[in-house]
Amino acid sequence: VQLQASGGGLVQPGGSLRLSCAASGSIFGMGAVGWYRQAPGKQRELVATISVGGSSYYPISVGGRFTISRDDAKNTVWLRMNSLKPEDTAVYYCNQALRQRNGMYAAYWGQGTQVTVSS
């Protein structure tokens with residue numbers, strides 16, 4: 001199983017980006033999925049999660065600006081980021097709980113995609 005994250009880049013303050021994370025391999029379903037970020041010198045932090053039923057959660061720092069979505073048929077999760085700020089600069093990682101053949105779920109991480117917000 002592999003997770004391929006993409007969509008990062010350089011954007012000006014106030015701009016938007018959409019990150020995607022696609023899982024491939026022997027997958028028999030998606031559980032909860034989320035996006036995290038890690039800025040230089042800081043710990044990795046959660047920025048969004050979405051449950052199987054579609055319930056989402058965002059910390060105050062990104063609420064109202066970021067939107068997480070998923071397509072279980074494509075084993076893909078997206079993160080739409082609007083009104084980006086310089087403090088959003090970080091490497092963004094996706095995390096997916098994927099059901100294995102034996103019915104158990106295992107967590108996987110994507111490789112990270114760099115988001116830089118700067119004028």
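This text gives an overview of the structure that appears in the document. Per chain, residues are indexed from 1 in the order of the written sequence. Where totals are concerned, whole chains, interfaces and linings use all residues; where local detail is concerned, this predicted model gives features only for residues with pLDDT of at least 70, and gives and counts side-chain atom pairs only at 80 or more. With hydrogens and water set aside, each side-chain value is computed from the structure's full complement of heavy atoms.

Here we look at the overall build of the protein chain
To be explicit about the condition: For the purposes of this entry, the term helix denotes a DSSP run of H or I that reaches at least four residues, the term strand denotes a run of E that reaches at least two, and both are numbered from the N terminus. Every radius of gyration here is taken over C-alpha atoms, with the globule rule written as 2.2 Å times N^0.38, N being the number of residues. The cut-offs for exposure are 20% and 50% of the maximum accessible area for each residue type, with area from a 1.4 Å probe on protein chains only; residues under the lower value are buried, those over the upper are exposed, and the others partly exposed. In what follows, a contact means two residues having at least one pair of non-hydrogen atoms within 4.5 Å. Here, Shrake-Rupley sampling with a 1.4 Å probe gives the accessible areas, and only protein chains in the shown set may cover a residue.
Across its full length, the protein chain carries zero helices and 11 strands. Relative to the 2.2 N^0.38 estimate, which gives 14 Å for 119 residues, the radius of gyration of the protein chain is 14 Å and therefore close to what a compact globule would have. Along the first, second and third principal axes, the C-alpha atoms of the protein chain reach 50 × 25 × 25 Å. Counting every position in the protein chain, which comprises 119 residues, the buried fraction comes to 41%. Pairs at least 24 apart in sequence give 54% of the contacts found in the protein chain among residues at least 6 apart. Element-wise, carbon and sulfur atoms account for 49% of the exposed surface of the protein chain, whose accessible area totals about 6,300 Å².

Focus: the nonpolar core
For clarity, the threshold we go by: Residues belong to one nonpolar core when they are buried, are Ala, Val, Leu, Ile, Met, Phe, Trp, Tyr or Cys, and are joined through side-chain atoms within 4.5 Å.
Core analysis: the largest hydrophobic core is formed by 28 residues, its most contacted members being Trp35, Phe66, Leu79, Met81 and Tyr92. At the level of elements, β1 (2-6), β3 (17-24), β4 (30-38), β5 (45-50), β7 (66-71), β8 (76-81), β9 (90-99) and β11 (113-117) are the ones that each hand at least two residues to this core. When residues no more than four places from it in sequence are discounted, the contact partners of Phe66 are Arg37, Val47, Tyr58, Leu79, Arg80, Met81, Asn82, Leu84, Asp88 and Tyr92.

Here we look at the pairing of β5
For a regular strand, side-chain orientation follows a simple rule: the groups alternate between the two sheet faces. The test is simple: Two strands are said to pair when DSSP picks up at least two bridges between them.
Of the strand pairs in this sheet, β4 and β5 are connected by five bridges, and their pairing is antiparallel. Across the sheet, the residue bridging to Val33 is Ile50, located in β5. A loop of six residues connects β4 with β5, the two strands running antiparallel in sequence, and Gly41 in this loop sits at a positive phi of about 80 degrees. With two bridges joining them, β5 and strand β6 (residues 56-57) adopt antiparallel strand pairing. Looking at the pairing, Ile50 lines up with Ser56 of β6. In sequence, β5 turns back onto β6 through a hairpin of five residues, with Gly54 there showing a positive phi of about 100 degrees.

A word on the packing of aromatic side chains
Put simply, the rule is: Stacked, tilted and edge-to-face are the three classes applied to pairs of Phe, Tyr and Trp rings, where Trp contributes its six-membered ring and a pair requires centres within 6.5 Å; stacked means planes under 30 degrees apart, edge-to-face means over 60, and tilted covers the rest. Any Lys NZ or Arg CZ found within 6 Å of a ring centre and within 35 degrees of that ring's normal is scored as a charge over the ring.
A complete count under the given rule lists one aromatic pair for this structure. In this structure, Arg44 is placed above the aromatic ring of Tyr93, and the distance from its NZ or CZ to the ring centre is 3.8 Å. Between the NZ or CZ atom of Arg44 and the centre of the ring of Trp109, over which it lies, the distance is 4.7 Å.

What about the sheet that holds β7?
Operational definition: Helix axes are fitted only over the stretch in contact, all axes being lines through C-alpha atoms; the angle between N-to-C directions runs from 0 to 180 degrees.
Strand order in this open sheet of four strands is β1-β3-β8-β7, and the pairing throughout is antiparallel. The open sheet has two free edges, formed respectively by β1 and β7, since each of these has just one partner strand. Geometrically, the sheet is characterised by an average inter-axis angle of 15 degrees between neighbouring strands, direction not taken into account. Pairing of β7 with β8 involves six bridges; the strand directions are antiparallel. If you follow Asp71 over to β8, its bridge partner there is Thr76.

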